[in-house]
Amino acid sequence: MVRKEGSITVFLALTGILIFALLGTLVETARYTACGNHAARTLRTSAEALLSEYSLPLYENYGLFFLESAGPPYETVISSYAGSTMEGAKKGTIDFFTGQINEIRVTDRTYLGDNKAEPLQKEITQYMARKVTGEQLKKILKQSEAVVNTEQQAEELEETVKRQKEEAKLDKQLLKLMKQIDGITVSGGKIYCADEFVKMFVTGKKKSQNFGITENVVWKKMKNKLEDTPKDFEYLDTEAFLAKVKKVRKLTEEAIKQAEELKSGYKKCAGKNSSFAGHDKRMGELIQSLSVLVGNKKILEETETIVKQKVTEETKEQLRVLWKNYDTASISFDYTGVEESGGGDNPLEALSGSWKDGILNLVCEKPNKLSPKKVSSPDGFARLYKEQEKKSENYGDRVTDIADKEEVGLSGILGDMGGYALDEFCLDSYIQHKFASYITGTSGWKKSLDYQWEYIASGKNTDKENLESVLNRILLIRTVINFAAIYQDSAKKSEAYTAAAAVVGFTGLEPLIRLTQTLILIVWSLVEGLVDVAGLLLERNVPVIKSTAQIKTKFPQVFQITRQAIISRAKKLKKAENQSFGYREYLLLFLAMTKQSTRLYRIMDMIQWDMRKNGYSGFQLGSCVFSFRVKGSFSFPSRFFRMVPVEKMLGRDIRSHSISCEIAAGYL
């Protein structure tokens, strides 16, 4: 056997190379795993380093962390931080983690106002987490419960007025007929008689019973306006008489239409309220008597035809015969209770006259000191995100409607607080913590609007309009609360009834008196509400629910709706205590009932306005970023795969390994 020298050495060498290659592959694979972790860690720390460049004035003034979009691109900043980390790996003889950045790309940016401003809500909740507790939320809900419950009272009051208006509608039609047929109106405690009316022609003796009049004070007014021509056509002034006949004929036609409406309304309403049985009976009898108007109309029409022709003794005789059937006695209105006096003033008229300048001139001690600030584009962010609410209501119009139209709208001032949770309470607490109001005033940080809580609740473009909107809402709530207290007092109800009877002028019109009484009580409650609102602005204690003894406004003062009178009564209220439900609490209630996204977008409006007002002219809050995703691509050079024996074993040249990773970065 021939021995071959060196065979064992070659075998061992080949075996060693294989083992070395295996070890190199294992080490390189482990290294790549470590490089992948290093790349992800580098990307994350670099993204977080970018987040550390948050807007400092935004944090210092509002406690919010957001990243502005101004300056170098995010990719450039992240790359610079990541590059420093990669360069830092070049230490020592073997730099296992040295690599290079192929690409950094930022995607899926979440801006401050996205998803109905959810990022802003998260930041605010986080900021207020240590300041607000569930117990505080329960406390404010409990405090607000009595106010929120007024919604049902408001609906019941509206329903009462609606029903009474239906019942009084017949009486209002009756008043029109009184003016058309008898020429009589009563206003301000005075009786007036028109120059032309259906019964103005005298055909027989000039006695009150021949004209269906039972009250002497009414007859005195009517008899001076009567026309004697039909008694004797001997000295007929054709032109003057014809003019009067035409006017009376038109009045008669109107009265016939009114009579038909009265008859139709009577069929709907009669018998529905047993307390008006006597009234309904008289109304039914009157409606039957109104049928004589048709005959009177025919007489007037025939008279026009005759008088337009040449007047002769024969035509005069025709007129005498014709007018014997003109009926002025059958229709007899109930004037019971009518009298001339200095009374009969209507509180609704007093309210209408005082309300024309608005609530601010009635409840603010120094209205000339109110903030004149205004902005040009309210609800800018809400419009941008297409989340703008319907045009905000002018609550002052409801007061105008009470005074001018006898329309009572006291419900719908409050919303549902059933879903009011801790995150919304955090939001509203943040508003009161970081922003100003009429009560709190402003700090050194310049503000575009001084009444910022009010802007969030109302969304109007001036401080005065926002304050006015809030005060009108409080006034309407207080009106409902005060009505409940006043209505329990029989003496106050009696005063209102007496005043209502004087305003209507006739005690026989019971449904109209009842309606007028209710409206007077509402005006009384509203005037007391003005005192309440003034008291809240003066930081006085205004009980959420009042007893009748706590009503500060006496009935004569209902007619004295002036700033001086209201402020004077408001100053008699005690100073507010810690437990008082004051202006701040009412405003918090209105904030709670404003849509959450609306509040958030209005906060954004104010922050942007104020940042710009304080020197940050190019500040764009809508471009501020809350979170983002960043993708990174890195390459790391091979170390162990590049050893010549390993490369020969693998049969290829492996110079580097690429690693991609993606992470999410944000402030929470």
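Not measured: the values here are computed from a predicted model.

Rules behind the numbers
Residues numbered from 1 in each chain as written. Predicted model: local features only at pLDDT ≥ 70, side-chain atom pairs only at ≥ 80, totals over all residues. Heavy atoms only, no water. 1 Å grid on protein atoms, 1.4 Å probe; cavity = no way out; pocket = protein on both sides within 12 Å on 5 of 7 lines; lining within 4 Å. Points joined across faces, edges and corners; volume = space filled by probe spheres on them. Helix = DSSP H or I, 4+ residues; strand = E, 2+ residues; numbered from the N terminus. Nonpolar A, V, L, I, M, F, W, Y, C, P; charged D, E, K, R; others polar. Phe/Tyr/Trp six-rings, centres within 6.5 Å; stacked < 30°, edge-to-face > 60°. Buried < 20%, exposed > 50% of the residue type's maximum accessible area, 1.4 Å probe, protein only. Lys, Arg positive; Asp, Glu negative; His and termini not counted. Salt bridge = Lys/Arg side-chain N within 4 Å of Asp/Glu carboxyl O. Contact = heavy atoms within 4.5 Å. Core = buried A, V, L, I, M, F, W, Y, C linked by side-chain atoms within 4.5 Å. Pairing = 2+ DSSP bridges. Axes fitted to C-alpha atoms, helices over the stretch in contact; angles between N-to-C directions. Left-handed = near helix turned anticlockwise from the far one by under 90°. Expected span 1.5 Å × (residues − 1). Patch = residues over 30% accessible without salt bridge, like charges linked within 9 Å, V, L, I, M, F, W, Y side chains within 5 Å. Areas by Shrake-Rupley, 256 points an atom, 1.4 Å probe, with all protein chains shown as cover. Charge placed at Lys NZ, Arg CZ, Asp CG, Glu CD. Parallel < 35°, antiparallel > 145°, perpendicular 65-115°, else oblique.

Undergrad: Any chance you could explain the layout of surface pockets here in plain terms?
TA: The computed volume of the largest pocket comes to approximately 660 Å³. Of all the secondary structure elements, the ones that give two or more residues to the lining of the largest pocket are helix H17 (452–458) and helix H18 (463–487). With 5 residues, the single largest contributor to the lining of the largest pocket is H18. Within the lining of the largest pocket, the residues separate by chemical class into 6 nonpolar, 11 polar and 12 charged. Considering only enclosed or pocket space, the second largest pocket measures out at about 500 Å³ in volume. Lining the second largest pocket are 22 residues, and of these Leu-175, Val-186, Asn-346, Val-503 and Val-504 sit closest to its centre. For the lining of the second largest pocket, the elements supplying multiple residues, two or more each, are helix H6 (150–182), strand E2 (184–187), helix H12 (347–355), helix H19 (490–504) and helix H20 (510–537). Sort the elements by how many residues they give to the lining of the second largest pocket and H6 lands first, with 5 residues. Split by residue class, the lining of the second largest pocket holds 10 nonpolar, 6 polar and 6 charged.

Undergrad: Would you mind going over the packing of aromatic side chains with me for this structure?
TA: A ring pair, where both rings are aromatic, is described by two values, the distance of the centres and the angle of the planes. According to the stated counting rule, one finds 25 aromatic pairs in the structure shown. Centroid distance Phe-66 to Phe-626: 6.0 Å. Interplanar angle 50°. Geometry classified as tilted. Taken together, the residues Phe-66 in the loop between helix H2 (56–62) and helix H3 (74–87) and Phe-626 in strand E4 (residues 625–637) connect sequence positions 560 residues apart. For the pair formed by Phe-66 and Phe-626, the shared burial category is buried. Between Phe-483 and Tyr-487 the ring centres are 5.4 Å apart and the planes differ by 20°, which places this aromatic pair in the stacked class. In this pair, Phe-483 and Tyr-487 both sit in helix H18, 4 residues apart, roughly one turn of the helix. Residue Tyr-487 is classed as partly exposed on the basis of its relative accessible area, which comes to 42%.

Undergrad: It is not clear to me how the side chain of Lys-460 should be interpreted in this structure. Could you clarify?
TA: With respect to the helices and strands, Lys-460 occurs in the loop between H17 and H18. One buried charged residue, Lys-460, forms no salt bridge at all, with the nearest opposite charge on Glu-465 at 6.0 Å. Lys-460 has contacts with Pro-378, Ser-392, Glu-393, Tyr-455, Glu-465, Asn-466 and Ser-469, leaving out every residue within four places of it along the chain.

Undergrad: Can you walk me through the nonpolar core in this structure?
TA: For soluble globular proteins, the rule of thumb is that nonpolar side chains tend to be buried together. Ranked by internal contacts, the top residues of the largest apolar core, which has 194 residues, are Leu-120, Trp-323, Val-363, Leu-471, Leu-530, Ile-603 and Phe-628. In terms of residue count, H20 provides more of this core than any other element does, 17 residues in total. Once residues within four sequence positions are removed from consideration, Ile-603 is found in contact with Leu-120, Ile-124, Leu-427, Tyr-430, Ile-431, Phe-435 and Ile-456.

Undergrad: Would you take a moment to explain the sheet that holds E4 for this structure?
TA: If you walk across this open sheet you meet the 3 strands as E1-E4-E5, and the pairing is antiparallel. Either end of the sheet is taken by a strand with one partner, and the two such strands are strand E1 (100–111) and strand E5 (656–666). Averaged over all adjacent pairs, the angle separating strand axes in this sheet is 15°, with direction ignored. Each of E1 and E4 is contacted by helix H4 (residues 114–128), which is oriented at about 100° to E1, the strand it contacts most.

Undergrad: Would you take a moment to explain the packing of H20 against helix H21 (residues 563–570) for this structure?
TA: If you want to describe how two helices pack, look at the angle between their axes and the distance between the axes. H21 packs onto H20 with a crossing angle of 65° between their chain directions and a minimal axis gap of 8 Å. With respect to the hand of their crossing, H20 and H21 are arranged in right-handed fashion. For the pair formed by H20 and H21, the contact residues are Val-527, Leu-530, Val-531, Ala-534 and Gly-535 on the first element and Ile-566, Ile-567, Arg-569 and Ala-570 on the second. Residue composition of the contact of H20 with H21, grouped by class: 7 nonpolar, 1 polar and 1 charged.

Undergrad: What is the right way to read the environment of Glu-465 from this model?
TA: If you trace the backbone, Glu-465 turns up in helix H18. Relative accessible area serves as the criterion here: at 32%, Glu-465 is assigned to the partly exposed category. Residues Glu-465 and Arg-612 lie 147 residues apart in sequence; the distance between their C-alpha atoms is 23 Å.

Undergrad: What's the story with the pairing of strand E3 (residues 190–193) in this structure? I'm lost.
TA: A regular strand places its side chains so that they alternate between the two faces of the sheet. The alternating pattern of E3 places Ile-191 and Cys-193 on a buried face and Lys-190 and Tyr-192 on a face that is not buried. Where E2 lies against E3, 4 bridges are found, and the strand directions are antiparallel. Paired with Ile-184 across the two strands is Cys-193, which belongs to E3. The antiparallel pairing of E2 with E3 creates a hairpin that spans 2 residues between the two strands, and Gly-188 there sits at a positive phi of about 60°.

Undergrad: Help me understand helix H16 (residues 422–434), please; the structure alone is not making it clear to me.
TA: In an α-helix, one full turn covers 3.6 residues, which means residues spaced three or four apart are oriented alike. The end-to-end C-alpha separation of H16 is 18 Å, in line with the 18 Å expected for 13 residues at 1.5 Å each. Most of H16 is tucked away, with 10 of its 13 residues classed as buried. Every buried residue of H16 is listed here: Glu-424, Phe-425, Cys-426, Leu-427, Asp-428, Ser-429, Tyr-430, Ile-431, Gln-432 and Lys-434. Where the residues of H16 are buried, they touch H2, H4, helix H5 (134–148), H17, helix H22 (583–592) and helix H23 (596–613).

Undergrad: What's the story with a positive patch on the surface in this structure? I'm lost.
TA: On the surface, Lys-552, Lys-554, Lys-572 and Lys-574 cluster together into a positively charged patch. By the element assignment, Lys-552 lies in the loop between H20 and H21.

Undergrad: Whenever I open this one, empty space enclosed by the protein confuses me. Can you help?
TA: Any space left empty among the atoms is revealed by the rolling of a water-sized probe across them. In this structure the tally under the stated criterion is 1 cavity of 30 Å³ or more. Estimated volume of the largest cavity: approximately 40 Å³. Counting only elements with at least two residues in the lining of the largest cavity, the list comes to H6 and H18. With 3 residues, H6 is the single largest residue contributor to the lining of the largest cavity. Taken together, the residues that form the lining of the largest cavity break down as 6 nonpolar, 1 polar and 1 charged.

Undergrad: It is not clear to me how the pattern of salt bridges should be interpreted in this structure. Could you clarify?
TA: A side chain with one charge may pair with a side chain of the opposite charge, provided their charged atoms come close. Inspection of every chain in the model, using the stated rule, returns 31 salt bridges. Lys-316 is the partner of Glu-313 in a salt bridge, and the nearest nitrogen-oxygen pair spans 3.9 Å. Of this pair, Glu-313 and Lys-316 both sit in helix H11 (residues 313–323), 3 residues apart, which is roughly one turn of that helix. A salt bridge links Arg-599 to Asp-428; the shortest N-O distance between them is 2.8 Å. Of this pair, Arg-599 sits in helix H23 while Asp-428 sits in helix H16, and the two are 171 residues apart along the sequence. For the pair Arg-599 and Asp-428, one class covers both residues: buried.

Undergrad: Any chance you could explain the packing of H4 against H23 here in plain terms?
TA: Contact geometry for H4 and H23: axes closest at 9 Å, N-to-C directions at 75°. One finds that H4 runs roughly perpendicular with respect to H23. Packed against H4, whose contacting residues are Lys-116, Ala-117, Leu-120, Gln-121 and Ile-124, the element H23 presents Gln-596, Ser-597, Leu-600, Tyr-601, Ile-603 and Met-604 at the interface. For the contact of H4 with H23, a count of residues per class yields 7 nonpolar, 3 polar and 1 charged.

Undergrad: Help me understand the environment of Phe-211, please; the structure alone is not making it clear to me.
TA: With respect to the helices and strands, the residue Phe-211 is situated in the loop between E3 and helix H7 (216–223). For Phe-211, a relative accessible area of 2% puts it in the buried group. Contacts of Phe-211, omitting those with residues within four sequence positions, involve Lys-199, Phe-201, Val-202, Lys-205, Lys-206, Trp-219, Met-222, Leu-226, Thr-328, Ala-329 and Ile-331.

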